[in-house]
Amino acid sequence: MKIVYTDNNATTKVADEVIEEMLPYFGELYGNPSSMHTFGDQVGKKVKEARQRVADFINADPDEIVFTSCGTESDNAAINAALIAFPEKKHIITSNVEHPAINNLYQHLKKTKGYEVTFVPVDKKGLLDLDLLYKSMSDNTAIVSLMWANNETGVLFPIEEIAKKTREKGILFHTDAVQAAGKIPIDVKKAGVDMLSLSGHKIHAPKGIGVLYVKKGFKFSPLLIGGHQEKGRRGGTENTVSIIGLGKACELAKENLPIMNTEVRGLRDYLQTGLLEKIPGSSVNGDLEQRLPNTLYIGFDAVEGESILLLLDREGICASSGSACTSGSLDPSHVLMAMKVPFKSAHGSIRFSLSHYNTKEEMDIIITTLVPVIQKLRDMSPFWKDGKMV
Amino acid sequence: MWDYTDQVKDHFLKPRNVGELKGANAIGETGSLNCGDALRLYLKVNKNERIMDASFMTFGCASAVASSSALTEIIKGMTLDEAAKITNDDISDYLGGLPKEKMHCSVMGQSALKKAIANFRGVQILSKPGQIVCECFDVTDLEIIDAVKANGLETTEDVTNYLKAGGGCGQCLDRIEEVLESVKAKG
C-alpha cells in the first residue's frame, strides 16, 4: 500500500542527501572530533562545517550554535541557564498552548521550585494576548519563553515584536522554533531573541539531534555538565553523525524555503478548500493568515478523532489528532481547549502537516478517502442526523 | 497506537447493529459530546421481556464503537433479567480485552444497558445517589467505590481508566485518592 505521509509536524522523512552525507561517518570515519590526531580531526572539520551550515540557516554565528540531543533538551537547557543567570528572579512567562517540553517544565518549576508562572492565554484563533503578555513582564521575570509556531494549529506568534518588548525591559527571551524552522524564514539577528531551539527530525535530519542557539554575550550555564564539548555549554561526546546530517538538512531547508511558501502552501490550501467544500460541518482550527504554510488542523462535527485516524490509517494515510483518545488523557488537546474550540468539533480534529515531498495527487487521495470516512462515522453518531448536528 | 485485539478491530471496522432501531421500545443513553464519547442503545423487547433486537449509535473512539457493537451482539435474545447481569467485563471479554485506558468504553456499554432496561420497565433513574466527585464526567463517590470493589482498582489512574473520573481538569484527583483510601481502610 502506498503511504501518504502528512504528519510532518510529528516527524519528517530523512532526506536522501542527508543520509548520503552521514553514511561515511557511521563507518570508517568514526574518529572523535576532539582528538589531536588527523583521523579524529577530519571528523572535527566536518562538524565545524555542519555548525557553519546551521548558523547560516538561522543567520547566527557558528559560536552561537550548541548541539543538543533534541528540541526538548534545548528548551530545558535554555530555561535552566536563564534561572541560573538570574537566581533572584522568581517569575517566568510562557503561553498556555506550548509543547509539553516547555509546558511541563514550567509546571515542574512551579510545583517543585516555587516559581510564579504566567501562562499567557490565546484567543479563539490561537493568537496570543499580547497586552496580557506585556503587562505580566516585571523586574522579577527571569525569562519569557514562547513558541514561534504552534505544533498543532501552526499558528505563529509575533516573535520579533515580542523580542522588542523583552529587550526594552531587559528580560531574557527564548523561543521554541522547532515547528517554525524550515517552514518560515528564521533570522535570529532580525528576530532579536536570546535563545532559540531547533530539532533535527522536523527538518529532514534524523531523530536525536537538536540545537540551542545562544546569543553571544549571554553567560550560559550548561544543563549537562561534563567535558569541554560545545565550548563547555553541553558536556558529552558529540553525536557527530547526526550533527553532520543536520548540517546538510539545514542547507537543504534554506534552499527549500521558497518552495514551502509557494508549492507546499498551495497544496495545503488545495486540501483545505477541498475538505471544507466536500464535508459539511467542518472548520479550520487556528488563524488562517498567521499560520505555517504546511499545516491544516481541521475539525469535523459529531465524530471522534481516533476513529477517523484509524480509518485513514487503513488507507495508508498518516495524520494526527487532537482527540483525547489518541493521547492517553481524556480531554481534547490543551491547545484546542485553550482556544475554546467547541467540543462538537474539538474531539474530531485532524491535523495534516505537509512537506515538499507531498503531491497534489496525494491531496486528492486524502479528500476522496476522508469524505466516506466521515460519512460512515456520522451514520453511526447519535449527534448527526439528516446532514447536520443534532 | 493502541494495542487493540483483532475482535476490537473487527467490531470497529464492521460494527454490528448500527443505526436507529425501528419499533424500539427501550432506549438507554450515556455519555455526551463534551466527554468525547456517547452511546445510544435501542432495544426491542417482547412481552416476555426478551430482547428481540438491539442496535446502537455511538460517537467515540474505536473501542467505544466496538464495545457498543459487542454489547448488542451479547444481549440479543436475552431476557431483561439476564441482560441486567451483564457487566463491563463481559463486554471487554467478548472483545478479547480492551487496553486499560479504554475500559471506560465497556463501562459506558453497561451503563447504557442499565438505563435502557429501566426505560422499558418505566423505572425512572433519578439523580444518582452519593456525592459528585468528578464534575467533568459526573461521577459520584458511590460509583467510584463500586468500581474499586468490583474491579480491584488500586490507583487513581485505574479509576480514571474505568470511570473517566479525574481525566478532565484533574482537580478531583485528591478526592479520588481519599475515596480509594477509604475503601482500602475498610478492606
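Residues numbered from 1 in each chain as written. Chains lettered and ligands numbered in written order. Predicted model: local features only at pLDDT ≥ 70, side-chain atom pairs only at ≥ 80, totals over all residues. Heavy atoms only, no water.

K.L.:
Can you help me understand the overall build of chain A in this one?
P.N.:
In terms of helices and strands, chain A carries 13 helices and 15 strands. Structurally, chain A occupies a C-alpha span of about 75 × 50 × 35 Å along its principal axes. Of all 390 residues assigned to chain A, the portion counted as buried reaches 59%. The contacts in chain A between residues at least 6 apart in sequence include a share of 73% that link residues at least 24 apart. Within the structure as shown, chain A displays about 15,700 Å² of accessible surface, and the carbon and sulfur contribution to it stands at 55%. Separation of charge centres in chain A, based on 45 positive and 48 negative side chains, amounts to 3 Å. (Helix = DSSP H or I, 4+ residues; strand = E, 2+ residues; numbered from the N terminus. Buried < 20%, exposed > 50% of the residue type's maximum accessible area, 1.4 Å probe, protein only. Contact = heavy atoms within 4.5 Å. Areas by Shrake-Rupley, 256 points an atom, 1.4 Å probe, with all protein chains shown as cover. Lys, Arg positive; Asp, Glu negative; His and termini not counted. Charge placed at Lys NZ, Arg CZ, Asp CG, Glu CD.)

K.L.:
Just to check I follow, could you spell out the packing of aromatic side chains for this structure?
P.N.:
Enumeration according to the criterion identifies four aromatic pairs over all chains in this entry. Seen in terms of ring centroids, Tyr106 of chain A and Phe119 of chain A are 6.5 Å apart; in terms of plane orientation they differ by 55°. Their pairing is tilted. With Tyr106 of chain A in helix H4 (residues 100–113) and Phe119 of chain A in strand E4 (residues 116–120), the pair connects residues that are 13 residues apart, well separated along the chain. Taking the relative accessible area as the measure of exposure, Phe119 of chain A reaches 22% and is therefore partly exposed. Seen from their ring centres, Phe383 of chain A and Phe59 of chain B are 5.4 Å apart, and the 75° between their planes marks the pair as edge-to-face. Here Phe59 of chain B lies in strand E3 (residues 51–59) and Phe383 of chain A lies in the loop between helix H13 (360–380) and strand E14 (384–385), a pairing that spans two chains. For the residue pair Phe383 of chain A and Phe59 of chain B, the accessibility class agrees, reading buried in each case. The aromatic ring of Trp384 of chain A is capped on one face by Arg378 of chain A, whose charged end is 3.7 Å from the ring centroid. (Phe/Tyr/Trp six-rings, centres within 6.5 Å; stacked < 30°, edge-to-face > 60°. Lys NZ or Arg CZ within 6 Å of the ring centre and 35° of its normal.)

K.L.:
I tried to follow helix H7 (residues 156–163) of chain B on my own but got confused; where do I start?
P.N.:
Each α-helix turn comprises 3.6 residues. Residues three or four places apart therefore point the same way. All names here are of chain B. H7 sits mainly inside the fold: six of its eight residues count as buried. Along H7, the positions that sit buried rather than exposed are Thr156, Val159, Thr160, Asn161, Tyr162 and Leu163. Of the surrounding elements, those touching the buried residues of H7 are helix H4 (88–94), helix H5 (103–121), strand E5 (139–140), helix H6 (141–151) and helix H8 (173–186). Immediately downstream of H7, the backbone of Lys164 shows phi near 70°, a positive value.

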